[in-house]
Amino acid sequence: QQQVRQSPQSLTVWEGETAILNCSYEDSTFDYFPWYHQFPGESPALLIAIRPVSNKKEDGRFTIFFNKREKKFSLHIADSQPGDSATYFCAASEDTGGLSGKLTFGEGTQVTVIS
Amino acid sequence: GPKVLQIPSHQIIDMGQMVTLNCDPVSNHLYFYWYKQILGQQMEFLVNFYNGKVMEKSKLFKDQFSVERPDGSYFTLKIQPTALEDSAVYFCASSSDWTSAETLYFGSGTRLTVL
């Protein structure tokens, strides 16, 4: 059962542009929404995360926008740099009172930033 | 930052053989996880493990799978016997806190190829 959907599958942007990655979910009990990035041969690493009490979370050039009503959340990478080229995964979990660490992942977006 | 090490990075075996994937979690972590990622698909939760016990497992965690962490050494995933559909990248993760996935750290994965 596919519970977290991610798009696009791949994305190419010019250096300095904003990359936008989208995710949607089905399970209303999800209450923690992280984004991970993964460079080739390396571990997936937590980039930024949000909980439904907020509709926006910023960390430097990375911003999550969250729409609880539509069950959608997105990652915006502002002023994209070639070093941002990686695979990005969105995920969701029942973090409060649930089985933490049991993340449901999206399919991933391969981001390429060209200069 | 904290590192989860996975050994080996690649493993090729014949169908029907047994394989053990090893994970060296972050030293003070108590909660351990395995995820499976088939090529081109998303990572999917297999199992989590705490205090010597499986706490929850998904439908992907077949009867041929087992996990253990004898005497605080490696956290292992054993598949016996292996099947062709077990070919995937297996990610180990560990966390220090049951209540939040924010403390979850992933290894870089073991690519298992079953011939």
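Quantities reported herein were computed from a predicted structural model and do not represent experimental measurements.

The rules behind these values
Residues numbered from 1 in each chain as written. Chains lettered and ligands numbered in written order. Predicted model: local features only at pLDDT ≥ 70, side-chain atom pairs only at ≥ 80, totals over all residues. Heavy atoms only, no water. Salt bridge = Lys/Arg side-chain N within 4 Å of Asp/Glu carboxyl O. Helix = DSSP H or I, 4+ residues; strand = E, 2+ residues; numbered from the N terminus. Buried < 20%, exposed > 50% of the residue type's maximum accessible area, 1.4 Å probe, protein only. Pairing = 2+ DSSP bridges. Axes fitted to C-alpha atoms, helices over the stretch in contact; angles between N-to-C directions.

S.K.: Account for the pattern of salt bridges, with residues named and values stated.
M.R.: Residues and elements named next belong to chain A. In total, this model carries 6 salt bridges over all chains according to the counting rule given. Between aspartate 84 and arginine 61 there is a salt bridge, and its shortest N-O distance comes to 2.8 Å. Separated by 23 residues along the polypeptide, aspartate 84 in the loop between β8 (72-77) and β9 (86-92) and arginine 61 in the loop between β6 (56-59) and β7 (62-67) bring together distant segments of the chain. Accessibility expressed as a relative area gives 7% for aspartate 84, which makes it buried.

S.K.: Mind laying out the sheet that holds β6 of chain A, listing which residues take part and the relevant values?
M.R.: Residues and elements named next belong to chain A. Strands sit in the order β1-β3-β8-β7-β6 across an open sheet of 5 strands; the sheet is antiparallel. The open sheet has two edge strands, β1 (4-7) and β6, and neither has a second partner. Averaged over all neighbouring strand pairs, the angle between strand axes comes to 15°, with direction disregarded. For β1 and strand β3 (residues 19-25), the ladder comprises 4 bridges, and the chain directions are antiparallel. Its bridge partner being in β3, glutamine 6 is matched across the sheet by cysteine 23.

S.K.: Provide a residue-level description of the sheet that holds strand β8 (residues 75-79) of chain B, including the pertinent values.
M.R.: Residue and element names in this part refer to chain B. Sheet architecture is open: 4 strands sit in the order β1-β3-β8-β7, paired in antiparallel fashion. Strands with a single pairing partner mark the edges of an open sheet, and in this sheet they are β1 (5-7) and β7 (65-68). Going across the sheet, the axis of each strand differs from the next one's by a mean of 20°, ignoring polarity. By the bridge criterion, 3 bridges tie β1 to strand β3 (residues 19-24) in an arrangement that is antiparallel. By the bridge assignment for β3, glutamine 6 is matched with cysteine 23.

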